[in-house]
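# Tertiary structure, described
So the chains spell out like this:
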Amino acid sequence: MDILNIIFLGPPGAGKGTQAKKIAEEFDIPQISTGDIFRKNLKEGTELGLKAKAYMDKGLLVPDEIVVAIVEDRLKQPDCKQGFILDGFPRTVVQAEALDKVLEKMKTRITHVINLQVSRDELIDRLTGRRVCKSCGATYHMKYDPPQKSGVCDKCGGLLIQRDDDRVATVEKRLDVYEKQTQPLIEFYKNKGLLRTIDGQQPIENVFADIKGELGSDN
Ligand code: ADP
Ligand code: ADP
Ligand code: ZN
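Once that is clear, we can look at the site of ligand 1. Taken together, 19 residues form the shell around ligand 1, and within it Gly-13, Thr-18, Arg-130, Tyr-140 and Gln-202 come nearest. One of the backbone nitrogen or oxygen atoms of Gly-17 is found 2.9 Å away from an oxygen atom of ligand 1. Within the side chain of Arg-126, a nitrogen or oxygen atom sits 3.3 Å from a nitrogen atom of ligand 1. Surface burial for ligand 1 is 92%, taken as the share of its 560 Å² of free accessible area covered by protein chains. Class assignment for the residues of the shell around ligand 1 results in seven nonpolar, eight polar and four charged.

As a matter of local geometry, ligand 2 sits amid 19 residues, with Thr-34, Leu-60, Arg-91, Arg-130 and Arg-174 nearest to it. One of the backbone N or O atoms of Leu-60 is found 2.6 Å from an oxygen atom in ligand 2. A distance of 2.9 Å separates a nitrogen atom of ligand 2 from a polar atom in the backbone of Gly-88. A per-element tally of the shell around ligand 2 places helix 2 (residues 34–43) first, with four residues. For the shell around ligand 2, the class distribution of residues is eight nonpolar, four polar and seven charged.

Right, let's get into the environment of Leu-159. Along the chain, the position of Leu-159 falls in the loop between strand 6 (139–141) and strand 7 (160–161). Linking Leu-159 and Cys-136, residues 23 residues apart in sequence, is a C-alpha distance of 9.4 Å. Not counting the four nearest positions on each side in its chain, Leu-159 is found in contact with Val-132, Cys-133, Lys-134 and Gly-151.

On the basis of which strands lie adjacent, the open sheet formed by three strands has the order 6-5-7 and antiparallel pairing. Unpaired on one side and paired on the other, strand 6 and strand 7 mark the two borders of the sheet. Relative to strand 6, strand 5 (residues 130–133) is paired through three bridges, and the arrangement is antiparallel. Bridge pairing links Arg-131 to Tyr-140 in strand 6.

By size, the foremost hydrophobic cluster in this structure holds 30 residues, and its most contacted members are Leu-75, Phe-84, Leu-86, Leu-99, Ile-110, Val-113 and Tyr-189. For this core, the elements supplying multiple residues, two or more each, are strand 1 (4–9), helix 3 (47–56), helix 4 (64–75), strand 3 (83–87), helix 5 (93–105) and helix 8 (184–191). Membership of the second largest hydrophobic core comes to 21 residues, among which are Ile-23, Leu-127, Leu-175 and Val-207.

To continue, consider the packing of aromatic side chains. Inspection of the entire model under this criterion finds one aromatic pair. Summarising the aromatic geometry, the rings of Phe-188 and Tyr-189 are spaced 4.9 Å apart at their centres and angled 85° between planes, so their arrangement reads as edge-to-face. Tyr-189 shares its class with Phe-188; the two are buried. When the ring centre of Phe-208 is taken as reference, the NZ or CZ atom of Lys-22 above it lies at 4.6 Å.

Conventions adopted
- Residues numbered from 1 in each chain as written.
- Chains lettered and ligands numbered in written order.
- Predicted model: local features only at pLDDT ≥ 70, side-chain atom pairs only at ≥ 80, totals over all residues.
- Heavy atoms only, no water.
- Near = heavy atom within 4 Å.
- Polar contact = N/O pair within 3.5 Å; in protein donor to acceptor, adjacent residues only side chain to side chain.
- Areas by Shrake-Rupley, 256 points an atom, 1.4 Å probe, with all protein chains shown as cover.
- Nonpolar A, V, L, I, M, F, W, Y, C, P; charged D, E, K, R; others polar.
- Helix = DSSP H or I, 4+ residues; strand = E, 2+ residues; numbered from the N terminus.
- Contact = heavy atoms within 4.5 Å.
- Pairing = 2+ DSSP bridges.
- Core = buried A, V, L, I, M, F, W, Y, C linked by side-chain atoms within 4.5 Å.
- Buried < 20%, exposed > 50% of the residue type's maximum accessible area, 1.4 Å probe, protein only.
- Phe/Tyr/Trp six-rings, centres within 6.5 Å; stacked < 30°, edge-to-face > 60°.
- Lys NZ or Arg CZ within 6 Å of the ring centre and 35° of its normal.

See the structure below:
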């Protein structure tokens, strides 16, 4: 099969992480989530984690040069040779342009940009109801994707918590930041002929089926 170098685009809460994990499993390629990388660093108390936290807590984007360096490093790992999924990166035009340069140096390119579309009201509902496993990072939703036992992770038995930045006040800010700084990427990738817009406001399995349909089709 052709190589899949995929970007998942869409506002916070659109379902990027949920779908990226499923696609990663289905096609056996790594999911690279910049948000997960920052949270892991924060948990481990690294300098990077502390630096990122100052921005994340305010609902702001971490500076481009920090994020780009991390992603460049990650893409050079051997497991990305057979394809990869970028989840939550790029988030600005500067990041997207830097990504193009990195991939060009590596003699490869993005093959698909999956843009998940969801209304603002639904996004707020999804983000405020999101719960994550403190131990393994698995994602749930109190109403739409609940664990078998309330408050406990199905996968590892860990405790489910709410992310600090999923509280209402920060959620609104993040959605505004998305509209200003990330939404322009829709035009950017449309112009490159890579954009595939998917109705993200369907049940998880239907969204998954639509994405698979797009990835199967030729460029
Ligand atoms: P993102 O990575 O884009 O921020 P997530 O994948 O973490 O989004 O999903 C946000 C929240 O919405 C999570 O609580 C998740 O369980 C839930 N969710 C994801 N996809 C759907 C869907 N299709 N329908 C309803 N809820 C969903
Ligand atoms: P969500 O999809 O729910 O917005 P993420 O886990 O992708 O959450 O991101 C959480 C936070 O991490 C963002 O609000 C931002 O502060 C930071 N972050 C993640 N990815 C990037 C990125 N590509 N550029 C800048 N900041 C980022
Ligand atoms: Zn877990």
